[in-house]
Amino acid sequence: MCLFQVTARRLVSQAHCGLKASSSKQQKFCLEMARPSSNMADFREVFAKAKHIAIITGAGVSAESGVPTFRGAGGFWRKWQAQELATPGAFARNPSRVWEFYHYRREVMLSKHPNPAHIAIAECERRLSKQGRSVVVITQNIDELHRKAGTRHLLEIHGSLFKTRCTSCGNVAANYKSPICPALAGKGAPDPDTEDAAIPVEELPQCEEDGCNGLLRPHVVWFGEALDPGVLTAVEKELDICDLCLVVGTSSVVYPAAMFAPQVSARGVPVAEFNMEQTPATNRFRFHFPGPCGTTLPPALARHETEIIS
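The text that follows walks through the structure, step by step, so that each part is easy to find. This structure is a prediction, so every number in the text was calculated from the model and none was measured.

## So, the overall build of the chain
In terms of helices and strands, the chain carries twelve helices and eleven strands. Evaluated residue by residue, the chain yields a buried proportion of 52% over its 310 residues. Considering only intrachain contacts with a sequence separation of at least 6, the fraction spanning at least 24 residues in the chain is 75%. Carbon and sulfur atoms provide 52% of the accessible area of the chain, an area that totals close to 13900 Å².

Shown next, in the form of structure tokens:
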């Protein structure tokens, strides 16, 4: 069993959307490396030789599409931050309020579009697949903008806004209805003065499996919940075989994604970080390219002069 698998399995029980890495843990799972290079020509030479590319993406990619993050100062929906709504306890206490929050987020996302970073990744995957090379996207985002851009090999470690899971039978299903149920039509306004809709449970989204009618919840990883072990296993396999890793638009402080790229780097695989600013993991990587991902990523992933297109 590889080092990544051992570390990942120790953390999976505590890993959830938003758990931050402590400084002591950060020091344990990675080795310090020389200051990273920002030489694009050097990166392009590495890129041209790579056969299995893993791209880890975070909120910074979607922010350039105008997606609200509900993080940090001002990151409120009404008078609550995401950490107060995206929990099993909040849903148990007030499923109507939580569904209003996610209904608002779903409706916002239906109006958003992939930006040049999403498109560059999807186009790179299509092009390299014709050359017998692979690209996998491992994303912390739940907005499906990678899917919208055309990415096919996609691992969504925190789930999706456009999937539901039944609290009774456990069935997971894609759901792009707008609104997701009649009772939520026109609800979910983020203004702090907006009153809760107080929708009865029987009028909230319900399971459509024969004979179930259980209450649906968003199929996303909430604070305090473990990641899907099947998804995590798939991530492990991809990171074990990758020979180039890109970290795009992520702060590298949220577990378990915070450990993915440093573990890859620790076994000698080149890692390139594309982010607005440096992160706690920057100095462990071979490359760092500062600036908006929609500006820095397209030239990095464009067709290399050595590529043969059939």
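Next comes the rest of the account.
## What about the pattern of salt bridges?
On inspection of all chains with the given rule, the structure shows nine salt bridges. Arg127 is paired through a salt bridge with Glu307; the nearest N and O atoms lie 2.7 Å apart. With a gap of 180 residues between them, Arg127 in helix H8 (residues 116–129) and Glu307 in the segment after helix H12 (293–301) connect regions that are remote in the sequence. In this pair, the class of Arg127 matches that of Glu307, namely buried. For the salt bridge of Glu208 with Lys177, the shortest nitrogen-to-oxygen distance reads 2.6 Å. Of this pair, Glu208 sits in the loop between strand S7 (172–174) and strand S8 (216–220) while Lys177 sits in the loop between S7 and S8, and the two are 31 residues apart along the sequence.

## Here's the deal with the sheet that holds S7
An order of S7-S6-S8 is seen for the three strands of this open sheet, with the pairing classed as antiparallel. Each end of this open sheet is capped by a strand with a single partner; those strands are S7 and S8. The mean angle between the axes of side-by-side strands here comes to 45 degrees, regardless of whether they run parallel or antiparallel. Relative to S8, strand S6 (residues 159–166) runs antiparallel, the two being bridged by four bridges. The residue bridging Gly159 from the neighbouring strand is Val220, located in S8. Sitting on the sheet, helix H7 (residues 95–110) touches S6 and S8, and the angle it makes with S6 is about 140 degrees.

## Quick notes on the nonpolar core
Within soluble globular proteins, side chains that are nonpolar tend to cluster in buried spots. Ranked by size, the top nonpolar core spans 30 residues in total, and within it Trp99, Tyr102 and Trp222 carry the most contacts. At the level of secondary structure, the elements contributing two or more residues to this core comprise helix H5 (82–85), helix H6 (88–93), H7, S6 and S8. If one sorts the elements of this core by residue count, H7 sits on top with five residues.

## Observations regarding the packing of aromatic side chains
With the rule as written, the count across this model stands at twelve aromatic pairs. Relative to Phe289, the ring of Phe43 lies with its centre 5.8 Å away and its plane at 75 degrees, an arrangement referred to as edge-to-face. Taken as a pair, Phe43 in helix H3 (residues 40–49) and Phe289 in strand S11 (residues 287–290) lie far apart in primary sequence, 246 residues in all. A ring pair is formed by Phe162 and Tyr176, whose centres lie 5.3 Å apart and whose planes are at 15 degrees; its orientation type is stacked.

## Quick notes on the environment of Asn171
Looking at the secondary structure, you find Asn171 in the loop between S6 and S7. The sequence separation of Asn171 and Glu208 amounts to 37 residues, and the corresponding C-alpha distance is 9.4 Å. Discounting residues that sit within four places of it in the chain, Asn171 has contacts with Thr164, Arg165, Cys166 and Glu209.

## Observations concerning the pairing of S6
Extensive coverage of S6 is indicated by the burial of six of its eight residues. Taking the residues that link successive antiparallel strands as the turn, the S6-S7 hairpin has five residues, and the phi of Gly170 there is positive, at about 80 degrees.

## A look at the packing of H3 against H12
Closest axis-to-axis distance for the H3/H12 pair is 9 Å, and the angle between their directions is 50 degrees. Judged by the inter-axis angle, H3 sits oblique to H12. Counting all contacts with H3, which are made through Met40, Phe43, Arg44 and Phe47, the residues of H12 involved are Thr296, Pro299, Ala300 and Leu301. Residue classes in the contact of H3 with H12 are distributed as six nonpolar, one polar and one charged.

Procedures and definitions
Residues numbered from 1 in each chain as written. Predicted model: local features only at pLDDT ≥ 70, side-chain atom pairs only at ≥ 80, totals over all residues. Heavy atoms only, no water. Helix = DSSP H or I, 4+ residues; strand = E, 2+ residues; numbered from the N terminus. Buried < 20%, exposed > 50% of the residue type's maximum accessible area, 1.4 Å probe, protein only. Contact = heavy atoms within 4.5 Å. Areas by Shrake-Rupley, 256 points an atom, 1.4 Å probe, with all protein chains shown as cover. Salt bridge = Lys/Arg side-chain N within 4 Å of Asp/Glu carboxyl O. Pairing = 2+ DSSP bridges. Axes fitted to C-alpha atoms, helices over the stretch in contact; angles between N-to-C directions. Core = buried A, V, L, I, M, F, W, Y, C linked by side-chain atoms within 4.5 Å. Phe/Tyr/Trp six-rings, centres within 6.5 Å; stacked < 30°, edge-to-face > 60°. Parallel < 35°, antiparallel > 145°, perpendicular 65-115°, else oblique. Nonpolar A, V, L, I, M, F, W, Y, C, P; charged D, E, K, R; others polar.

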